[in-house]
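Fold and geometry: a report
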Amino acid sequence: MTDTPPDGDSPDLDSCVRIGSIVSSNSHLDYVVEVYKERDCDRPPELHEREFGQPVFIKKTVNGTEHAVIGVIYDTQLVDPDQGRTGPRLAQDDQAQFTPGYIEERTTLAGVALLGTAEIAEDGTIQEPTHQMPRWTLEVEDTVFHCPDQVTVSFHTVDEQIQLAYMDRLLDIAGDLGSEVIVALIDRLRGVLPEDDPNHRVLDVVEQNVQWQAREQRGVV
Amino acid sequence: MADRSNVVGTVAGPGDDPNEFVFVTPSDKSIKTGEFITYTISVEGEPRSVFARVTNRELIRGLPEGFLADPEVGPETVAATLGVPTDDTELYRLTATVIGYYDTNMTTFANPRQLPDPGTPLSIAPHQQLETVLPNLGCETDSTDVTTLDGVAHVGWLLNRPAEATNLHIPIEEFASTHLAILASTGSGKSYTASVLIEEMMRPSSRASLLVFDPHGEYDTLAEMQGEEAFQGEDGYEPEIEYYDPERLRVRISELEIGDVMAILDNPSNRMQERLSTAWQAMQRQESRTWGIDELIGEMERIYGDDDASVGALEWRLRRSIERNDLFHPEENVPLDEIVDPGQCTVLQMDTLDRRDQQLITTVLLRRMYRERLDDVRDRDSDIEHPIFALFEEGHRFAPASGESPSLGIMRTITSEGRKFGFGLGIISQRPSKIDQDVLSQCGTQISMQIKNPNDQDAIKNSVEAAGEDVLRELPGLTPGQAVVSGDAMNTPALIQVRQRRTPHGAGSRPVIEEWREAYDERQREPTQSESADFGEGDSTGVQSLD
Ligand SMILES: Nc1ncnc2c1ncn2[C@@H]1O[C@H](COP(=O)(O)OP(=O)(O)OP(=O)(O)O)[C@@H](O)[C@H]1O
Ligand SMILES: [Mg+2]
């Protein structure tokens, strides 16, 4: 675990924590990731590393250039294969249960919405971020990495200005929790930006707007 | 139709009113409310341009107001953050009211009674076309060079267009025969606009016979027309500007009617009234038109005896109010042939007369001129053998809505009958609500400028038929020199910028600060007196220095 330095100090994409792997997708921009456990890798993600609103990335080599497809965890779901299958127990407690052909265990699934892409430079940093819809399809078993906050800021900085140009798409995919994901992303950006950065005020306005719209939709106001 | 290069918008559908339609424009085609637009329809097989006036404009697509939450963060920054493009995002939804197409036979607008179909392309109405069809010029085509017409007054240009782009020339005959009202709060440009009209009417192509009743001395500068090339005709014509100061204003006593005299004498008793009217009528029946107070009193004494108390009281009042007032005279009169003449503008400067005297001289002059006009039209001998136009500053003084003025009767007569006799009135007032409604509603053409007072707005609404809601809505927001022209001289009301005068304007506010400083400097130059004031003896010397 010493080979994974704390977030922020190194934007090196090669040494990021692995969060899980893709198991399926709901659409071109909406993937389901099975979160790694002890058994799956050396260093499974800690709870806060795979929390709601955590940016993630998937590496893809396209035309010889290495790209990071950036996404965000917008939902999670617990799967218990036994749930619902265990009816009233007739057998005694200590009697082993027999579930033929089914050895799966309890897992955590995370919904990941894609936000955009960036090129991965030689030194492991990202360049030329774009919030356009990624055109490439990810594969089942693709590894999903934890995106360090510095990389998150780089991805969100276009011409010195913070951008969340994917917002309409994200709101669409994330559905009910859309405004919460965006607020979580904004909070994360705020935490990394220097205190006197003029982008803070812009982010405030964006946050207010998103929250207000959500309240309106939910009938609060 | 295929060429859409000058298309500014597209019809979306019908509006709320039967004559209204709605259209959509992108932001770069900025169309203001009040703008005139056209589209083409086919009337009996002929393509016709239908004109419509834009009455409302609202944003239907634009950045949400939430983007304006922080005044220090521009909405375009927020938009950029969210990847929202900010160029050409705005779409406007405009409402327009159909005016009609120009019917060349009727020489006015005809309503096509059919709204444009959705998808109909709309253009900005061309300058020359508007210049032809907006004013009531009676042109036989819908696009004429109106500057070549005689008898038109160039008053200004459409406010929504660049300066001097779409000029408004109104027919002088129309407003000079069916009367004119210039209504606006103080300082909005009434006198200025009136002077522009006077300038136009005095040009060689019109050579009007004008009379200005000027209670404030605001028309002193008109004389500068003389010697100006713009006012000289090829035949050697040049306008004559005559000033009549109070010294030359006289009312012959026999011209007064009994009602006028009652107004002059304050509160005569019933008995006095009865005696006075009997004697007055007797005097009026006499051959002589040049009798004075002495003769009148002689007549009363003849009828009622030398020692009648009421006659005694009347004598005292008549001598005080009439005989001692220089305005009244047994013989002298303002000679009509001196004050009215074609190509002559006479300014009656009444600024040193008190209000009652202003009303009386006006009353008597109007009566006399009206009589002459009547005679002329009825082929009798007349001193005034041409139409005349009289302009009144402070019109509410001469035709008040409440309170008595001896001139009200004759003003009502002229505004209702004058057009038949070639006698037009122009009423200028800053308080439309204080003008007699009969008089105001007879003013066929209206130039309304900034008016904020709701009572005055109502007065215009009630008496000015042609003023539609959309026009009235503009009035509070106008700035000096901007005006709505409506009524007989127009085929449809238009919002204009009144042009600049050719002669300097003499009625501006006084330069108060400058005058204070000058007066102060003046005082400083009188050292002895300011010193003596230090010794407490300043009273008498102080008064002296004020002279
Ligand atoms: N068409 C115009 N072009 C340029 N300036 C104008 C125009 N009309 C009015 N003004 C300006 O507005 C000022 C006031 O105009 P004006 O004296 O005509 O007002 P008014 O309505 O007659 O006021 P009042 O009720 O005090 O007599 C003028 O001194 C002039 O500077
Ligand atoms: Mg004035």
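Residues numbered from 1 in each chain as written. Chains lettered and ligands numbered in written order. Predicted model: local features only at pLDDT ≥ 70, side-chain atom pairs only at ≥ 80, totals over all residues. Heavy atoms only, no water.

Considerations on the nonpolar core
Where we set the bar: The nonpolar core is taken to be a set of buried Ala, Val, Leu, Ile, Met, Phe, Trp, Tyr and Cys residues, with the residues joined through side-chain atoms within 4.5 Å. Accessibility here uses a 1.4 Å probe with only protein chains present; expressed as a share of the type maximum, an area under 20% marks a residue as buried, one over 50% as exposed, and anything in between as partly exposed. Contacts are residue-level and defined by heavy atoms, with any inter-residue pair within 4.5 Å sufficient.
Core analysis: the largest hydrophobic core is formed by 72 residues, its most contacted members being L256(B), L276(B), L318(B) and M369(B). Discounting chain neighbours no more than four positions away, the residues touching L318(B) are V261(B), L265(B), L276(B), I293(B), L296(B), I297(B), M300(B) and E323(B).

Details of the confidence of the model for chain B
Residue and element names in this part refer to chain B. This is how the line gets drawn: By definition, pLDDT measures how confident the predictor is in each residue, and it falls between 0 and 100.
Confidence in the prediction of chain B, expressed as mean pLDDT, is 89, and 94% of residues score 70 or more. Low pLDDT, under 50, characterises residues 530-547; the predicted model gives this stretch nine contacts beyond four residues in sequence or across chains. With pTM at 0.78, the complex prediction returns an ipTM value of 0.77.

With respect to the pairing of strand β9 (residues 167-171) of chain B
In the case of a regular strand, side chains alternate between the two sheet surfaces. Residues and elements named next belong to chain B. We count it as follows: Strands here are runs of E lasting at least two residues and helices are runs of H or I lasting at least four, both read from the DSSP assignment and numbered beginning at the N terminus. A strand pair is defined by DSSP finding two or more bridges across the two strands.
In terms of burial, β9 is a largely internal element, five of the five residues being buried. Judged by which residues are buried, β9 turns out to be covered on both faces: N167, H169 and P171 on one side and L168 and I170 on the other are all buried. Relative to β9, strand β8 (residues 152-158) runs antiparallel, the two sharing five bridges. Bridge pairing in β9 links H154 to H169.

A few points about a nonpolar patch on the surface
Residues and elements named next belong to chain A. So the rule is basically this: Patches were defined on residues exceeding 30% relative accessible area and lacking a salt bridge, with like-charge contacts within 9 Å and nonpolar side-chain contacts (Val, Leu, Ile, Met, Phe, Trp, Tyr) within 5 Å. Shrake-Rupley sampling with a 1.4 Å probe provides the accessible areas, and residues are treated as covered by the protein chains on show and by no other component. Salt bridge, as applied in this entry: a Lys or Arg side-chain nitrogen positioned within 4 Å of an Asp or Glu carboxyl oxygen.
A surface patch of nonpolar side chains, amounting to about 320 Å² of accessible area, comprises W212, V220 and V221. Inspection of the secondary structure puts V220 in the segment after α4 (199-217). Judged by relative accessible area, which is 59%, V220 ranks as exposed.

Let's talk about helix α4 (residues 190-201) of chain B
What counts, and what does not: Multiplying 1.5 Å by the residue count of a helix minus one yields the expected span of that helix.
Given a rise of 1.5 Å per residue, 12 residues ought to cover 16 Å, and the 16 Å separating the end C-alpha atoms of α4(B) matches this to within 8%. Turning to α4(B), its buried residues are K190(B), S191(B), T193(B), A194(B), S195(B), V196(B), L197(B), I198(B), E199(B), E200(B) and M201(B).

A look at the coordination of the magnesium ion (ligand 2)
Residue and element names in this part refer to chain B. Which entries qualify depends on this criterion: Donors, by definition, are the N, O and S atoms found within 2.8 Å of a metal, the threshold being 3.2 Å for Na, K and Ca, and water is not counted, so a site can look incomplete.
S191 (OG) and E218 (OE) make up the full set of protein donors to the magnesium ion (ligand 2), lying at 1.9 to 2.4 Å. Of the two residues, S191 sits in helix α4 while E218 sits in the loop between β11 (209-214) and β12 (240-244), which places them 27 residues apart along the sequence. Overall, the relative accessible area of 15% leaves E218 in the buried class.

Some details on helix α12 (residues 408-417) of chain B
All names here are of chain B. Stated formally: It is the directions from the helix axis to the C-beta atoms that the arc portrays.
Among the residues making up α12, those that are buried are L408, I410, M411, I414 and T415. Burial along α12 is one-sided: seen end-on, the buried residues are contained in an arc of 165°. At its buried positions, α12 is contacted by α10 (355-377), β16 (388-392), α11 (395-398), β17 (423-429) and α13 (437-441).

Here we look at the pattern of salt bridges
A full pass over the atoms with the stated rule returns 38 salt bridges over all chains. Two residues, K60(A) and D142(A), come together in a salt bridge whose shortest N-O distance is 2.8 Å. Highlighted residues: K60(A) in strand β3 (residues 55-62) and D142(A) in the loop between β6 (126-130) and β7 (143-146), separated in sequence by 82 residues. This pair shows no difference in class: K60(A) is buried, exactly as D142(A) is. Here D204(A) and R190(A) are joined by a salt bridge, their closest N and O atoms 2.9 Å apart. Separated by 14 residues along the polypeptide, D204(A) in helix α4 and R190(A) in helix α3 (residues 178-192) bring together distant segments of the chain. Salt bridges linked by common partners bring E199(B), E200(B), R203(B), R499(B), R501(B) and R502(B) together as one network.

Remarks on unusual backbone geometry
As a rule of thumb, non-glycine residues mostly have phi less than zero, and peptide bonds are mostly trans rather than cis. All names here are of chain A. If you check the backbone angles, D159 has positive phi at about 50° while not being a glycine. Topologically, D159 is positioned in the loop between β8 (157-158) and β9 (161-162). Residue D159 is classed as exposed on the basis of its relative accessible area, which comes to 71%. For E160, which is not glycine, the phi torsion reads 70° and is therefore positive. In this structure, E160 sits in the loop between β8 and β9. What makes E160 exposed here is its relative accessible area of 75%.

Focus on the site of ligand 1
Residue and element names in this part refer to chain B. Put simply, the test is: Being near a molecule or strand, for a residue, comes down to having at least one heavy atom within 4 Å of it. Throughout this description, a polar contact denotes any pair of N or O atoms lying within 3.5 Å of each other; where both atoms belong to protein, one of them has to be capable of donating a hydrogen while the other can accept it, and for residues adjacent in sequence the pair is counted only when both atoms sit in side chains. Following the grouping adopted for this structure description, the nonpolar residues are Ala, Val, Leu, Ile, Met, Phe, Trp, Tyr, Cys and Pro, the charged ones are Asp, Glu, Lys and Arg, and the polar ones are all others, Gly among them.
Residues in contact with ligand 1 amount to 17 residues; listed here are only the nearest, T186, G187, K190, S191 and Y192. One of the backbone N or O atoms of V498 is found 3.0 Å from a nitrogen atom in ligand 1. Calculation on ligand 1 without its partners gives an accessible area of 630 Å², and the protein chains cover 76% of this total. Of all the secondary structure elements, the ones that give two or more residues to the shell around ligand 1 are α4 and β20 (494-498). For the shell around ligand 1, the residue count by class is four nonpolar, 10 polar and three charged.

Some thoughts on the domain arrangement of chain B
Residues and elements named next belong to chain B. Inclusion rule: Per the annotation, domain bounds derive from an automatic or database assignment of domains. Values labelled buried area give the accessible surface lost by two parts on being combined, using a 1.4 Å probe and summing over both.
We note that the domain assignment places domain 1 (7-141), domain 2 (175-245 + 334-498) and domain 3 (252-328) within chain B. Relative placement of domain 1 and domain 2: their C-alpha centres are 36 Å apart. Domain 1 puts 13 residues into the contact, and the matching count from domain 2 is 10 residues. Between domain 1 and domain 2, the buried area comes to about 850 Å², and carbon and sulfur atoms account for 43% of it. Taken as a group, R53, L134 and N136 account for 51% of the area that domain 1 buries against domain 2, more than any other trio of residues on that side.

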